[in-house]
Amino acid sequence: MNPKTVHVVLCNEWADWEIGPAMARINAPIWQREPGRFATATVAETRQPRRSMGGLTAVPDLTVAEIRPADSAMLIIPGGAGWECADWDRDGYPAITALAEEFLDAGVPVAAICGATFGLARAGLLDDRDHTSGAPEYLAMSGYRGAARYRDERAVTDGDLITAGPTDALEFTRHILARLEILTAEALEAWYQLFSTGDAAWYGVLNAATTADPVAAGR
């Protein structure tokens, strides 16, 4: 099986903890309905190494110019240290938001969290879509016109757009997994409850939900 690619943006000083849970669940076969159906690839404006806010250094797999929506299952954009900065053009953010717009226009999902929602707002991509972020006042500083579509929720899916606030990586991951249908609905609920509550009982529910799925069980 040739896996479908989920592209993950490495912006300037990206917030590694915001995308770690989603990348792990996309790449790790355990609990998946169809193991190996998806794989991630990182993307940035250039192939120069990027350092995260947590001190991780990564070399992007691809550049923005090298990917097309038709070759992707989803574009995931984390927050970072510079989405609100004055050096918007210098740090390559217009290329990222232009790519997000291209994906949305093509009907390919885009998932943005934390500062990335500010970038999408600044580019006008949240004006006509339901969305969330850290706070409505935060997005208002972008100068966007979508305040009426702001939802006070931890994560929001509106069509092909997923958004989440800076403290909601788990909710963000839940929406991503649901959209890609990586886990069954029962397994996804058990996974979310296990990692959000820490109640070990959900581990048994998760494993039972996974083995009950003929595809995951290999039957």
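Details of the structure are given in the entry above.
Computed from a predicted model, the values in this text were never measured in an experiment.

Looking now at the overall build of the protein. When helices and strands are counted, the protein shows eight helices and nine strands. Over its C-alpha atoms the protein spans a radius of gyration of 17 Å, differing by no more than 12% from the 17 Å that the globule rule assigns to 219 residues. For the protein, the C-alpha atoms occupy an extent of roughly 55 × 35 × 35 Å along the three principal directions. When burial is assessed residue by residue, the protein has 48% of its 219 residues classed as buried. When contacts within the protein are restricted to residue pairs at least 6 apart in sequence, long-range pairs at least 24 apart make up 59% of them. Total accessible area on the protein is roughly 9900 Å²; 51% of this is exposed by carbon and sulfur atoms. Between the centroid of the 18 positive side chains of the protein and the centroid of its 30 negative side chains there is a distance of 4 Å.

This next bit is on the state of the cysteines. For the structure shown, the criterion picks out zero disulfides. Cys-114 supplies the cysteine sulfur nearest to Cys-11, a cysteine that is in no disulfide, at a spacing of 9.3 Å. Its relative accessible area of 1% is what places Cys-11 among the buried residues. For Cys-114, a relative accessible area of 18% gives the class buried.

Criteria and thresholds
- Residues numbered from 1 in each chain as written.
- Predicted model: local features only at pLDDT ≥ 70, side-chain atom pairs only at ≥ 80, totals over all residues.
- Heavy atoms only, no water.
- Helix = DSSP H or I, 4+ residues; strand = E, 2+ residues; numbered from the N terminus.
- Rg over C-alpha atoms; globule rule 2.2 N^0.38 Å.
- Buried < 20%, exposed > 50% of the residue type's maximum accessible area, 1.4 Å probe, protein only.
- Contact = heavy atoms within 4.5 Å.
- Areas by Shrake-Rupley, 256 points an atom, 1.4 Å probe, with all protein chains shown as cover.
- Lys, Arg positive; Asp, Glu negative; His and termini not counted.
- Charge placed at Lys NZ, Arg CZ, Asp CG, Glu CD.
- Disulfide = S-S within 2.5 Å.

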